[in-house]
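What follows is each chain in one-letter form.
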Amino acid sequence: MTKPTVVVSGGSRGIGRAIVELLAAQGIDVRFLYRSNDEAAAEVVAAVRASGGEATAHRCDVADVGAIESFLDTVADLPLLGLVNNAAVIRDGHFLLMPQESWDVVLQTALGGSFHLTRGCLRSMLKSGHGRIVNIGSLSGLLGMAGQVNYATAKGGLHAFTKALAREVGRWGITVNTVVPGWIRTDITDALPESKRRKAEATIPLGRMGEPIEVARVVAFLFSDQASYITGATIRVDGGVGG
Ligand code: NDP
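*Asks:* Tell me about the overall build of the chain, and please be specific about residues and values.
*Replies:* When its secondary structure is counted, the chain shows nine helices and seven strands. In summary, the chain has a C-alpha radius of gyration of 17 Å against a globular reference of 18 Å for 243 residues, a match within 12%. Considering the chain as a whole, with its 243 residues, one finds that 47% of them fall into the buried category. Within the chain, counting contacts between residues at least 6 apart in sequence, those at least 24 apart form 73% of the total.

*Asks:* Let's hear about a nonpolar patch on the surface: which residues, and what values?
*Replies:* A cluster of nonpolar side chains, Phe95, Leu96, Leu97 and Val149, forms an exposed patch at the surface whose accessible area comes to about 480 Å². Topologically, Leu96 is positioned in the loop between β4 (80–85) and α4 (100–128). On the basis of relative accessible area, Leu96 is assigned to the exposed category, the value being 81%.

*Asks:* Quick rundown of the packing of α4 against helix α6 (residues 149–169)? Include the residues and the values.
*Replies:* Running from N to C, α4 and α6 cross one another at 15 degrees; their axes reach a closest spacing of 8 Å. Relative to α6, the element α4 lies roughly parallel. You can see that α4 and α6 cross each other, and the crossing is right-handed. Across from Ser102, Trp103, Val106, Leu107, Ala110, Leu111, Ser114, Phe115, Thr118 and Leu122 in α4, the residues of α6 making contact are Val149, Asn150, Tyr151, Thr153, Ala154, Gly157, Leu158, Phe161, Leu165 and Val169.

*Asks:* Explain the nonpolar core to me, using residue names and the numbers behind them.
*Replies:* Of all hydrophobic cores here, the largest spans 33 residues; its most connected members are Val8, Ile19, Leu23, Val30, Phe32, Val84 and Val179. Ignoring sequence-local partners within four residues, the contact set of Val84 consists of Val6, Val7, Val8, Ser9, Ile19, Val134, Ile136, Val219 and Phe223. Of all hydrophobic cores here, the second largest spans 21 residues; its members include Cys60, Val62, Leu80 and Ile133.

*Asks:* Outline the pattern of salt bridges, supporting the account with residue identities and numerical values.
*Replies:* Tallied over the entire structure, the rule returns twelve salt bridges. The salt bridge partner of Glu211 is Arg185, with a shortest N-O separation of 3.1 Å. With Glu211 in the loop between α8 (194–202) and α9 (212–223) and Arg185 in the loop between β6 (174–181) and α7 (187–190), the pair connects residues that are 26 residues apart, well separated along the chain.

*Asks:* Lay out α9 with the relevant residues and their values.
*Replies:* With twelve residues, α9 should reach 16 Å at 1.5 Å per residue; the first-to-last C-alpha distance of 17 Å fits that figure. Inspection of α9 places Pro212, Val215, Ala216, Val218, Val219, Ala220, Leu222 and Phe223 among the buried residues, and these make up the whole buried set. Residues of α9 that are buried make contact with β1 (5–9), α1 (14–25), β4, β5 (131–136), β6 and β7 (234–237).

Conventions we followed
- Residues numbered from 1 in each chain as written.
- Predicted model: local features only at pLDDT ≥ 70, side-chain atom pairs only at ≥ 80, totals over all residues.
- Heavy atoms only, no water.
- Helix = DSSP H or I, 4+ residues; strand = E, 2+ residues; numbered from the N terminus.
- Rg over C-alpha atoms; globule rule 2.2 N^0.38 Å.
- Buried < 20%, exposed > 50% of the residue type's maximum accessible area, 1.4 Å probe, protein only.
- Contact = heavy atoms within 4.5 Å.
- Patch = residues over 30% accessible without salt bridge, like charges linked within 9 Å, V, L, I, M, F, W, Y side chains within 5 Å.
- Areas by Shrake-Rupley, 256 points an atom, 1.4 Å probe, with all protein chains shown as cover.
- Salt bridge = Lys/Arg side-chain N within 4 Å of Asp/Glu carboxyl O.
- Axes fitted to C-alpha atoms, helices over the stretch in contact; angles between N-to-C directions.
- Parallel < 35°, antiparallel > 145°, perpendicular 65-115°, else oblique.
- Left-handed = near helix turned anticlockwise from the far one by under 90°.
- Core = buried A, V, L, I, M, F, W, Y, C linked by side-chain atoms within 4.5 Å.
- Expected span 1.5 Å × (residues − 1).

As structure tokens, then:
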């Protein structure tokens, strides 16, 4: 029997990697995208295959429309179960000093990439009358964070994208939801100075940063039959820090 296929952007590290591994462990054929770290991507594929799962890595910059189109050609004939828009980058800085490049790359990755990938993957879901789209948001996009006007705008746009698209495609059996991680231990947060990490942890009601798998479990839930009546939702996985 053909396995259902799910596309995950930014699947080679951090939260995306945990999502790839968990979905693959649940019998899904995962096609994941990464930007440049071939070694990390190969490691994920090897780990998934060693556990008896199926995952394929595609080097594809989601900020590049042509690259997305080439990737979409590789899945054009597959019945897609869904898509996880997870790839994002941060380029923090004071708004007035923010180079145009920092604005462009952050919006083109999180928002532009999600737009192009979703349009490409939706066709297959519309044909089958069933599909799941999960967008990875951010508290920055819900609350706004100083020094992150570019990132907050991209993520805020993605939250609105979820809600509008959910209304548009619901009648075709496709759900669209946002999962919002709080402080999660990945390369991004590992790079913080110890003092800043402690300060962040002190603000979290559960008293610790989350693990990527704790976000991945919620994404996997949204792909399960238990989540059949959830769409347009924003689900925070943040240890309570978002209020
Ligand atoms: P990481 O930086 O650990 O991993 C990012 C992943 O995205 C990598 O696989 C990277 O590939 C890939 N990627 C980055 N840019 C592109 C691109 N242009 N095209 C394709 N792939 C790309 O991120 P996290 O796991 O920390 O974050 C994952 C998601 O969770 C993001 O959307 C982030 O905004 C969100 N989030 C994370 C939080 C946290 O605390 N970690 C908090 C709130 C939200 P490569 O290595 O090859 O560049």
